[in-house]
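Below, each chain spelled out in residue letters.
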Amino acid sequence: MSRGRSPLDHFEVTLKCSCNGNDTAMQITLSQEQSRILESLFQQGDYESLETMIDAALLLLAEQLAERTQSVDPDYLAWMEKTRLKLDAGIDDMQENRTVPLEAVLTQLQDKVTKAQAESA
């Protein structure tokens, strides 16, 4: 699998969430440094996609917040379990060489960004 340098210095990610019956979306532009960190982590082979990296990062952030507040919300616990299962599935896929080349991931992300930009115009 080829994992060459991405032609993108930075890229935009659109996140969509259904929370309490409301669909919301936000667009995030990752900085060059953030893009380099994600790309480096991907090239090390620990993550199969940007989604698995973001899932791991959000899980860690949520755990930090939960430790600070010491509150346990059932919805949060369900989300944590769902995220853990996704991460476990991603790790299993990596170990079985069921991965997606970086170029394909970046193309998918760019297509999503282009589609979102076209829909919002």
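Look up: the structure comes first, before these words.
Before going into details, it helps to say that this report is about the structure given with it. (Residues numbered from 1 in each chain as written. Predicted model: local features only at pLDDT ≥ 70, side-chain atom pairs only at ≥ 80, totals over all residues. Heavy atoms only, no water.)

### Topic: the environment of Met-53
Piece 1. One can find Met-53 in helix α2 (residues 50–69).
Piece 2. When its relative accessible area of 6% is taken as the criterion, Met-53 is described as buried.
Piece 3. Distance in space between the C-alpha atoms of Met-53 and Leu-38 is 7.4 Å, their sequence separation being 15 residues.
Piece 4. Those residues in contact with Met-53, other than ones at most four positions away along the chain, are Leu-38, Leu-41, Phe-42 and Tyr-47. (Helix = DSSP H or I, 4+ residues; strand = E, 2+ residues; numbered from the N terminus. Buried < 20%, exposed > 50% of the residue type's maximum accessible area, 1.4 Å probe, protein only. Contact = heavy atoms within 4.5 Å.)

### Things to note about helix α3 (residues 74–95)
Piece 1. With 22 residues, α3 extends 32 Å between its outermost C-alpha atoms, agreeing within 8% with the 32 Å of an ideal straight helix rising 1.5 Å per residue.
Piece 2. Tyr-76, Met-80, Thr-83, Leu-87, Gly-90 and Met-94 are the residues of α3 that are buried. One side of α3 holds all its buried residues, which, seen down the axis, span an arc of 90 degrees. More than 90 degrees from the buried face of α3, the exposed residues found are Pro-74, Lys-82 and Gln-95.
Piece 3. Residue Asn-97 follows α3 closely and has a positive phi angle near 60 degrees. (Expected span 1.5 Å × (residues − 1). Arc of directions from axis to C-beta.)

Nothing here speaks to function; it is all geometry.
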